[in-house]
Amino acid sequence: MKKIAIIGTGYVGLVSGAGLSDFGNTVICADIDIEKINLLKNGEIPIYEPGLKEIVQRNVKAGRLSFSRDVSKSIRDCDVVFIAVGTPEGENGTSDLSAVFDVARAIGENLNGYKVICTKSTVPIGTGVRIIEKIKNYSKSEKKFDYISNPEFLREGSAVKDFLWPDRVIIGASNQKAIDMMKDVYRPLYINETPIIQTTIQTAELIKYASNAFLAVKISYINEIANICDEIGADVHVVSKAMGIDGRISPKFLHPGPGFGGSCFPKDTKALISTAEMLGLNLKVVSGAIEANQSQKSRMVKKLMDLMNNDVSEKKIALLGLAFKAQTDDVRESPAIDMIDALLKNGAVVNAYDPESNANMKKKFNDLNVFDSWEEAVKDADCVAIMTEWNEFRGLDLAKLKELVKSPVILDTRNILSNADLESHGFKYDNVGRK
Ligand code: UDX
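Residues numbered from 1 in each chain as written. Predicted model: local features only at pLDDT ≥ 70, side-chain atom pairs only at ≥ 80, totals over all residues. Heavy atoms only, no water.

Visitor: Please give an account of the overall build of the protein chain that cites residues and values.
Guide: When you go through the protein chain residue by residue, the secondary structure sums to 19 helices and 14 strands. Here the C-alpha radius of gyration of the protein chain, 23 Å, is about what a compact globule of 435 residues would show, namely 22 Å. Across the protein chain, the fraction of contacts at a sequence separation of at least 24, relative to all contacts at a separation of at least 6, is 73%. Surface accessibility of the protein chain: about 19000 Å² in total, with carbon and sulfur atoms responsible for 52%. (Helix = DSSP H or I, 4+ residues; strand = E, 2+ residues; numbered from the N terminus. Rg over C-alpha atoms; globule rule 2.2 N^0.38 Å. Contact = heavy atoms within 4.5 Å. Areas by Shrake-Rupley, 256 points an atom, 1.4 Å probe, with all protein chains shown as cover.)

This is the structure we're talking about:
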């Protein structure tokens, strides 16, 4: 087992650090965000991620996992250094790599012996070579290091599970010594024969974008099929089920909805297009998926306006769910943002309840009224819209809902309610491809 430094304790760095310590490695998670590190040192978890608190506490107790504000010392004390800092969207679809290059500099300045440097952050194709250059430029000694691209495929809401039981591990490297060290780092996965794909650095970087962009294309595809279903009265769930039985298609990521959000698909699809443009290529399929996704978010607004006869002025609209998906408190690029923005601009009063992300969305919209229960949020509402597929909304008590609202009108953007139940309770409703 190895001594590992993880630089960056966001949901990728913290989950990866906890997972790697669970594999038996000694892991130091370091971050320049002193407040975040203090929280972690006090046994608190700064993000909502199912199962994360337990795995962190177990490994801190076992003495395998610790936290540090001192990035430089953490680098000096470890054999393997993971770069896991954020790479937010920059200008015209490119990625802001400033945090990554700051870490590369710190690594160069603290290279006190042979180390394997491993990038887990999602970085544009070709960044690995630039990180290697930065490290060399800042390292005064001739100390050797090897570089690895090891992209992550963690979904928010199931990140711990996705780390501990991945479908595959991608290792992009240029020499066997570094690959062997990584196999030691991931020993439990290696022993239980999780597929480990060894390839070049650039290929590993491309695999990450190719995978995410394909999933985004798949989602936009089924959303457009759902829109056809709206017009011809077909049931998209039957179409999706029948498609998914075909092994070449698979049923996963074939659920229509209000459009994809989150910190990855929107950013990674744009970054892939930006990279392709620099190579003189125009990615029509991925561009189409991005365009279709924005249209889908706008279509949800149109559906609600249609339900309200295009007049929401001074009407009370209650949103159930704000997060970009269930099991997370993350509202980045959430379809609820487009909905709230349009409703406020059209003079509506907007109420909302989300079990985890009220506070995060309230930071974006001061005029949003957030509540601690769905019952309070829907009180006297002229229309309700389900924006996130939290389990508590799947079993919504429609009789109770009807008593609480002013008018029984509902838009189910996640297709989690039964049409028959809505009709038997006298609701006027719409959804996505299930007329
Ligand atoms: C994604 C990738 O799945 C993961 O591999 C990568 O590392 C990070 O980005 P994440 O964005 O956390 O993970 O969530 P994911 O479950 O992939 O959902 C992304 C978006 O697609 C969400 O807005 C979700 O609601 C939407 N989605 C997903 C659909 O609309 N339909 C689906 O069938 C699946």
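Next comes the rest of the description.
Visitor: I'd like a rundown of the site of the ligand, residues and numbers included.
Guide: The ligand sits among 18 residues. The nearest are E156, H255, G261, C264 and K325. When its residues are assigned to classes, the shell around the ligand shows 9 nonpolar, 3 polar and 6 charged. (Near = heavy atom within 4 Å. Nonpolar A, V, L, I, M, F, W, Y, C, P; charged D, E, K, R; others polar.)

Visitor: Could you give an account of the pattern of salt bridges, with specific residues and numbers?
Guide: Per the counting criterion, the structure on display carries 28 salt bridges. For K73, the salt bridge is made with D77, and the minimal N-O distance between the two is 2.5 Å. Accessibility expressed as a relative area gives 42% for K73, which makes it partly exposed. Since its relative accessible area comes to 30%, D77 is described here as partly exposed. (Salt bridge = Lys/Arg side-chain N within 4 Å of Asp/Glu carboxyl O. Buried < 20%, exposed > 50% of the residue type's maximum accessible area, 1.4 Å probe, protein only.)

Visitor: Give a detailed account of the nonpolar core, specifying residues and quantitative values.
Guide: L20, F82 and Y186 are the most contacted members of the largest nonpolar core, which totals 41 residues. Among the elements that make up this core, the one with the highest residue count is helix α1 (residues 11–22) (6 residues). Counting 35 residues, the second largest nonpolar core, distinct from the first, contains L254, V331, I340 and A348. (Core = buried A, V, L, I, M, F, W, Y, C linked by side-chain atoms within 4.5 Å.)

Visitor: Describe the pairing of strand β13 (residues 409–412), with residues and values.
Guide: Neither face of β13 is open: one carries V409 and L411, the other I410 and D412, and all of them are buried. With 3 bridges connecting them, strand β12 (residues 383–386) and β13 associate as parallel partners. Along β13, the bridge assignment pairs I386 with D412. The pairing of β13 with strand β14 (residues 428–430) spans 3 bridges and is classified as parallel. Within the sheet, the bridge partner assigned to V409 lies in β14 and is K428. Since β13 and β14 lie parallel, the crossover through helix α19 (residues 419–424) that links them has a hand, and here it is right-handed. (Pairing = 2+ DSSP bridges. Right-handed = clockwise from strand over helix to strand, strands pointing away.)

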